[in-house]
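# Secondary and tertiary structure notes
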Amino acid sequence: MTIGVAKTVFILIATCYLDTSGRRPLLLISSFGMTASMLMLAGSFLLLNFASAAGFAAPFAVLGSISFVSFFSMGFGPMSGLLASEIFPLRLRAQGVSLSMAMNRLLSGILSLTFLSIIHALSPAGTFFLFAGVSTIATVFVYLVIPETKGRSLEELS
């Protein structure tokens, strides 16, 4: 229930600040927060290796999970479809958004199907370190490539 409440609150935050602060800053905050959350989850699994700190692992993991869902819900969650609809030229918009959403769903499905195999191959901590690395790459990608669309008409972006 806590994760659902956190997700709802952060979706509302994104809704309130999407047009005032812009898409790019929210994506940067989102990706940075998701990276920190993945590192927190990896750290919680590492804590299990130390008997004296093992009691902190579960609350640390729960906090990392809530944090990840919250940061995802304020950036990458709602903006994957929105940003795709804004950055493609008008003549390619339908195909671009369709391809973008299809890739989003396909990669989410592949991740879901392979998650247990990845944990088995890398360990839980290693898996979340890998995810933190991917999230770091996403942060750099957003910073270097994604344009700010706030205050610009669709015609200007095309």
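Here, every reference points to the structure presented above.
Described below are features of the structure shown in this document. Owing to the predicted nature of the structure, the values given are computational and were not obtained by experimental measurement. (Residues numbered from 1 in each chain as written. Predicted model: local features only at pLDDT ≥ 70, side-chain atom pairs only at ≥ 80, totals over all residues. Heavy atoms only, no water.)

What follows covers a nonpolar patch on the surface. A surface patch of nonpolar side chains, about 540 Å² in accessible area, is lined by Met1, Val5, Val9, Ile13 and Tyr17. What makes Tyr17 partly exposed here is its relative accessible area of 47%. (Patch = residues over 30% accessible without salt bridge, like charges linked within 9 Å, V, L, I, M, F, W, Y side chains within 5 Å. Areas by Shrake-Rupley, 256 points an atom, 1.4 Å probe, with all protein chains shown as cover. Salt bridge = Lys/Arg side-chain N within 4 Å of Asp/Glu carboxyl O. Buried < 20%, exposed > 50% of the residue type's maximum accessible area, 1.4 Å probe, protein only.)

Between helix H2 (residues 23-47) and helix H4 (residues 76-87), whose axes approach to 11 Å, the crossing angle comes to 145°. With respect to the hand of their crossing, H2 and H4 are arranged in left-handed fashion. Contacts between H2 and H4 pair Arg23, Leu26, Leu27, Ser30, Ser31 and Met34 from the former with Phe76, Met79, Leu82, Leu83 and Glu86 from the latter. The residue makeup of the contact of H2 with H4, split by class, is seven nonpolar, two polar and two charged. (Axes fitted to C-alpha atoms, helices over the stretch in contact; angles between N-to-C directions. Helix = DSSP H or I, 4+ residues; strand = E, 2+ residues; numbered from the N terminus. Left-handed = near helix turned anticlockwise from the far one by under 90°. Contact = heavy atoms within 4.5 Å. Nonpolar A, V, L, I, M, F, W, Y, C, P; charged D, E, K, R; others polar.)

Next up on the list: the packing of aromatic side chains. Throughout the structure, instances matching the rule amount to six aromatic pairs. Taking 6.1 Å as the distance between ring centres and 25° as the angle between the ring planes, the aromatic pair formed by Phe115 and Phe131 counts as stacked. Taken as a pair, Phe115 in helix H5 (residues 93-122) and Phe131 in helix H6 (residues 124-145) lie far apart in primary sequence, 16 residues in all. The interplanar angle of 85° and the centroid separation of 5.8 Å between the aromatic rings of Phe128 and Phe131 together place this pair among those described as edge-to-face. Here Phe128 pairs with Phe131, and both are found in helix H6, just three residues apart, close to one helical turn. Of the two residues examined, Phe128 and Phe131, each falls in the buried class. Site record: aromatic cluster; members linked through ring pairs are Phe45, Phe115, Phe128 and Phe131. (Phe/Tyr/Trp six-rings, centres within 6.5 Å; stacked < 30°, edge-to-face > 60°.)

Counting through the fold element by element, Arg93 comes out in helix H5. Exposure remark for Arg93: the relative accessible area of 11% places this residue in the buried category. For Arg93, the side chain forms a polar contact with the main-chain oxygen of Ser85, separated by 2.7 Å. (Polar contact = N/O pair within 3.5 Å; in protein donor to acceptor, adjacent residues only side chain to side chain.)

Relative to the helices and strands, Gly133 is located in helix H6. With a relative accessible area of 30%, Gly133 lands in the partly exposed category.

The biggest cluster of nonpolar side chains holds nine residues, and these are Ala14, Leu18, Leu26, Leu27, Met74, Met79, Leu83, Val142 and Ile146. Excluding residues within four positions of it along the chain, Val142 makes contact with Arg24, Leu27, Leu28 and Phe76. Ranked by size, the runner-up nonpolar core spans seven residues in total, among them Leu41, Phe128, Phe131 and Ala132. (Core = buried A, V, L, I, M, F, W, Y, C linked by side-chain atoms within 4.5 Å.)

A separate point is H5. The sharpest bend along H5 measures roughly 50° and falls at Thr114. Where H5 is concerned, the buried positions are Arg93, Gly96 and Ile118. The first or second residue beyond H5 is Ser123, which carries a positive phi of 85°. (Bend = angle between axes of the 7 residues up to and from the residue.)

Time to look at the side chain of Ser31. Tracing the backbone shows Ser31 in helix H2. Its relative accessible area of 0% is what places Ser31 among the buried residues. Residues contacting Ser31, with those up to four places away along its chain left out, are Phe76, Ser135 and Thr139.

A separate point is the environment of Ala132. The topology assignment puts Ala132 in helix H6. Taking the C-alpha atoms as reference, Ala132 lies 21 Å from Phe56; in sequence the two are 76 residues apart. Leave out the neighbours within four places in its chain, and Ala132 touches Thr35, Met38 and Leu39.

Treat this as a map of the structure, not an account of what it does.
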